Amino acid sequence: MNKDLALAVLVGLFFLPLLLLPLVSQEDLGGPLSFPPVASGSFRSYVVRSGDTLAGLADRYGIPLSWLVASNGLLAPGAIYPGQELVLPQGGVLHTLRAGQGLADLAATYGVSEEEIRKANGLSGDPLPGQRLLIPEPRTVPQAAVLELGGEGGRFIWPLKGRLTSLFGPRTHPIYGTPDFHTGIDLAVPEGTQVHAAAPGTVTWAGTRGGYGLLVIVDHGDGYSTYYGHLSRILVHVGQFVEVGQVIGLSGNTGLSTGPHLHFEIRNLGEPIDPLPLLP
Ligand SMILES: [Zn+2]
């Protein structure tokens, strides 16, 4: 009887790895480990020490500041802390592909050709979400706007630099002269000014909507969404994942508007909230 038991255990031990095998390979299919490595020597890791600044690191390692911001998904350049692990990219930006981002989107966003991206990463098929890609020598880096509009902290960056002409809250409607609740803030800027995504997220609206005129809505995936109204031109499409700082459109004067400005709105769980406390 003891022999039988021993045999059963042995058989069990033999088959156990076989039972686990499908689970392990299943995980490999979706895990980042199964991706081929990006071009060798295209980045190194660095652990932030006290006293380090992003600008200092950029200087020390000869890396453009915007590449550092972009490769590390930073919303605020001042927000690095001792012990934080950073990626120091070499030869370009190290981009982590998000669902809703195709090679064509990346090429347009960074001003490089699809072919250049393919070549730098030895890509034959389409890359998968989560995959890290080297964007070689990008001509534009959307996250460069973080340096200009992001300040030292905060959940969002400013969508542009403009004169604040109307605050969030109760007001008299500028066109109808009736009591009204302003669901965002207005920033006066010349028509055609670049409008930047205030945080990374997925475009859920890109077109005309009532008084907003030409409107872009970005869903940030954590209950927050941002609205950019009265645009003159839209440069993104529904379903596209946009980086923080990415130019999503040009400001304008469309919809119910008394002059060229950007209407910027932040919603939490669909409800408009005052953007100012969330901005740098
Ligand atoms: Zn407004």
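These figures come from a predicted structure and were not determined experimentally.

### Here we look at the overall build of the protein chain
Okay, step 1: Helix and strand counts for the protein chain stand at 6 helices and 17 strands.
Okay, step 2: Considering the protein chain as a whole, with its 280 residues, one finds that 43% of them fall into the buried category.
Okay, step 3: Considering only residue pairs separated by 6 or more positions, the protein chain has 65% of its internal contacts joining residues 24 or more positions apart.
Okay, step 4: For the protein chain, the accessible area works out to roughly 14200 Å², and carbon and sulfur atoms hold 59% of it.

### Some words on the pattern of salt bridges
Okay, step 1: Tallied over the full model, the rule gives 8 salt bridges.
Okay, step 2: Between E116 and R139 there is a salt bridge; the shortest N-O distance is 3.6 Å. Residue E116 is found in helix α5 (residues 114–121), and its partner R139 is found in the loop between β4 (132–136) and α6 (144–149); the two are separated by 23 residues along the sequence.
Okay, step 3: Ionic pairing is found between R118 and D126, a salt bridge with its closest N-O pair at 3.5 Å.
Okay, step 4: A residue is classified by how much of its surface remains accessible, and D126, at 62% relative accessible area, is exposed.
Okay, step 5: If you follow the salt bridges from partner to partner, you end up with R171, D180 and D186 in one network.

### Brief notes about the coordination of the zinc ion
Okay, step 1: Around the zinc ion, the protein contributes the donor atoms H182 (NE2), D186 (OD) and H263 (ND1), which lie 2.0 to 2.2 Å from the metal centre.
Okay, step 2: The sequence pattern describing where the donors of the zinc ion fall on their chain is H-x3-D-x76-H. Here H182, found in strand β7 (residues 179–182), pairs with H263, found in strand β16 (residues 261–268); they are 81 residues apart in sequence, far enough to count as distant. Summarising the burial analysis for this pair, H182 and H263 share the class buried.

### Some details on the confidence of the model for the protein chain
Okay, step 1: Predicted confidence across the protein chain gives a mean pLDDT of 86, with 85% of residues reaching 70 or more.
Okay, step 2: Across residues 9–37, where pLDDT falls below 50, the model places 7 contacts with residues more than four positions away in sequence or in other chains.

### Quick look at a nonpolar patch on the surface
Okay, step 1: A contiguous nonpolar patch, built from I175, Y176 and L256 and spanning about 290 Å² of accessible area, is present on the exposed surface.
Okay, step 2: As for its placement among the helices and strands, Y176 is situated in the loop between β6 (169–172) and β7.
Okay, step 3: Residue class for Y176 comes out exposed when judged on its relative accessible area of 54%.

### Quick look at the side chain of S257
Okay, step 1: Note on placement: S257 falls in the loop between β15 (247–250) and β16.
Okay, step 2: Of note is the side chain of S257, whose polar atom sits 2.6 Å from the side chain of N253.
Okay, step 3: Only 2.9 Å separates the side chain of S257 from the backbone oxygen of G259, close enough to count as a polar contact.
Okay, step 4: When near neighbours in sequence (up to four residues on either side) are disregarded, S257 contacts I175 and H230.

### Regarding the sheet that holds strand β13 (residues 233–234)
Okay, step 1: With antiparallel pairing, 3 strands are arranged side by side in an open sheet as β9-β15-β13. This sheet does not close on itself; its edge strands, each paired only once, are β9 (194–196) and β13.
Okay, step 2: Bridging between β13 and β15 involves 2 bridges; their strand directions are antiparallel. What sits directly across from R233, in β15, is L250.

### Some points on the pairing of strand β10 (residues 201–208)
Okay, step 1: Alignment of β10 against strand β14 (residues 241–242), held across 2 bridges, turns out to be antiparallel. Paired with T202 across the two strands is F241, which belongs to β14.
Okay, step 2: Pairing of β10 with strand β11 (residues 214–219) involves 6 bridges; the strand directions are antiparallel. Within β11, the residue paired with T202 across the bridge is D219.
Okay, step 3: The hairpin turn running from β10 into β11, its antiparallel successor, is 5 residues long, and G210 in that turn takes a positive phi close to 45°.

### Some details on α5
Okay, step 1: Buried within α5 we find I117, R118, A120 and N121. Along α5, the residues classed as buried sweep out an arc of 165° about the axis, all on the same side. Turned more than 90 degrees away from the buried face of α5, the exposed residues are E115 and K119.
Okay, step 2: Lining the buried residues of α5 we find α4 (103–110) and β4.

The rules behind these values
- Each chain carries its own residue numbering, running from 1 in the direction its sequence is written.
- For a predicted model such as this one, the threshold for reporting local features is a pLDDT of at least 70, and the threshold for listing and counting side-chain atom pairs is 80 or more; totals across whole chains, interfaces and linings nevertheless cover every residue.
- Think of the side-chain values as coming from all heavy atoms in the structure, minus any hydrogens and water.
- Strands here are runs of E lasting at least two residues and helices are runs of H or I lasting at least four, both read from the DSSP assignment and numbered beginning at the N terminus.
- Partly exposed residues are those whose accessible area sits between 20% and 50% of the maximum for their type, while under 20% is buried and over 50% is exposed, using a 1.4 Å probe and protein chains only.
- Should any heavy atoms of two residues lie within 4.5 Å, those residues are counted as being in contact.
- Note on areas: these come from Shrake-Rupley sampling with a 1.4 Å probe, and a residue is covered only by the protein chains present in the view.
- For salt bridges, the criterion is a side-chain nitrogen of Lys or Arg within 4 Å of an Asp or Glu carboxyl oxygen.
- Coordination here is defined by N, O and S atoms within 2.8 Å of the metal (3.2 Å for Na, K and Ca), and since water is not considered, a site can look incomplete.
- The predictor rates its confidence in each residue with pLDDT, a number between 0 and 100.
- Each patch groups residues whose relative accessible area exceeds 30% and which form no salt bridge, using 9 Å between like charges and 5 Å between nonpolar side chains of Val, Leu, Ile, Met, Phe, Trp and Tyr.
- Between N or O atoms, a polar contact is any pair within 3.5 Å; within protein, one atom must be a potential hydrogen donor and the other a potential acceptor, and residues adjacent in sequence are included only when both atoms are from side chains.
- A strand pair is defined by DSSP finding two or more bridges across the two strands.
- In this context, the arc is that of the directions from the helix axis out to the C-beta atoms.

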